[in-house]
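Summary of structural features
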Amino acid sequence: MLRIIKNLYDYRELIAALTYKNIVIRYKQAYLGILWAVLKPVMLMLVFTIVKGFVGIETGGLPYPLITFAALIPWVFFQESVSEGVNSVTSNAALIKKIYFPREFFR
């Protein structure tokens, strides 16, 4: 475990450079840019709030949009992280095979 942490610390600049590259590429191609990262949970919250009007879910006096948004933020983060993690490994296959760096990056 200590070896894994040491490798991650030693190669922190590589992690930062690859992360920056992926973020720039991802949001440069989008029309809304980084605003999309906030707009996606807001749009999902609106859809859930509209559906809640038909279903009639009790919230115990708390505002339903606030509860929904608070639940959607970690869910969207997890969903996007898993999706982008798989894409990162498959798109960087040549990098994984040819250049040494800790394989813990992809765990």
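This section reports on the structure supplied with the text. (Residues numbered from 1 in each chain as written. Predicted model: local features only at pLDDT ≥ 70, side-chain atom pairs only at ≥ 80, totals over all residues. Heavy atoms only, no water.)

What follows is about the overall build of the protein chain. Secondary structure summary: the protein chain contains 5 helices and 0 strands in total. Starting at the N terminus and walking to the C terminus, you meet the elements of the protein chain as α-α-α-α-α. Among the 107 residues that make up the protein chain, the fraction classed as buried is 15%. Once local pairs closer than 6 in sequence are excluded, the contacts in the protein chain between residues at least 24 apart make up 60%. Of the roughly 8500 Å² of accessible surface on the protein chain, 72% is carried by carbon and sulfur atoms. (Helix = DSSP H or I, 4+ residues; strand = E, 2+ residues; numbered from the N terminus. Buried < 20%, exposed > 50% of the residue type's maximum accessible area, 1.4 Å probe, protein only. Contact = heavy atoms within 4.5 Å. Areas by Shrake-Rupley, 256 points an atom, 1.4 Å probe, with all protein chains shown as cover.)

Attention now goes to the environment of Ile67. Summarising the element assignment, Ile67 is placed in helix 4 (residues 64–91). The class for Ile67 is partly exposed, based on a relative accessible area of 34%. Taking the C-alpha atoms as reference points, Ile67 and Met45, separated by 22 residues in sequence, lie 9.1 Å from one another.

Within this structure, the stated rule accounts for 1 aromatic pair. Positioned above the aromatic ring of Tyr9 is the side chain of Arg12, whose terminal nitrogen or guanidinium carbon lies 4.1 Å from the ring centre. (Phe/Tyr/Trp six-rings, centres within 6.5 Å; stacked < 30°, edge-to-face > 60°. Lys NZ or Arg CZ within 6 Å of the ring centre and 35° of its normal.)

Oppositely charged side chains can pair when the atoms bearing their charge come close. Counted under the stated rule, the structure contains 3 salt bridges. When the shortest N-O distance is used, the salt bridge between Arg12 and Glu13 registers 3.9 Å. A salt bridge links Lys40 to Glu80; the shortest N-O distance between them is 2.6 Å. Of the two residues, Lys40 is situated in helix 3 (residues 35–55) and Glu80 in helix 4; the sequence distance between them amounts to 40 residues. Look at Lys40 and you get partly exposed, because its relative accessible area is 22%. A residue is classified by how much of its surface remains accessible, and Glu80, at 17% relative accessible area, is buried. (Salt bridge = Lys/Arg side-chain N within 4 Å of Asp/Glu carboxyl O.)

This part takes up the packing of helix 3 against helix 4. Where helix 3 contacts helix 4, the two axes come as close as 9 Å, and the packing angle between them is 135°. Taken together, helix 3 and helix 4 sit at an angle that is classed as oblique. Helix 4 is crossed by helix 3, and the crossing has right-handed handedness. From helix 3, Lys40, Pro41, Val42, Leu44, Met45, Phe48, Thr49 and Lys52 reach across to helix 4, where they touch Tyr64, Pro65, Thr68, Phe69, Leu72, Ile73, Val76, Gln79 and Glu80. Residue classes in the contact of helix 3 with helix 4 are distributed as 11 nonpolar, 3 polar and 3 charged. (Axes fitted to C-alpha atoms, helices over the stretch in contact; angles between N-to-C directions. Parallel < 35°, antiparallel > 145°, perpendicular 65-115°, else oblique. Left-handed = near helix turned anticlockwise from the far one by under 90°. Nonpolar A, V, L, I, M, F, W, Y, C, P; charged D, E, K, R; others polar.)

On the surface, Val47, Phe48, Ile50, Val51, Phe54, Val55 and Ile57 cluster together into a nonpolar patch covering about 700 Å² of accessible area. Tracing the backbone through its elements, the reader meets Val51 in helix 3. The exposure class assigned to Val51 is partly exposed, which follows from its relative accessible area of 40%. (Patch = residues over 30% accessible without salt bridge, like charges linked within 9 Å, V, L, I, M, F, W, Y side chains within 5 Å.)

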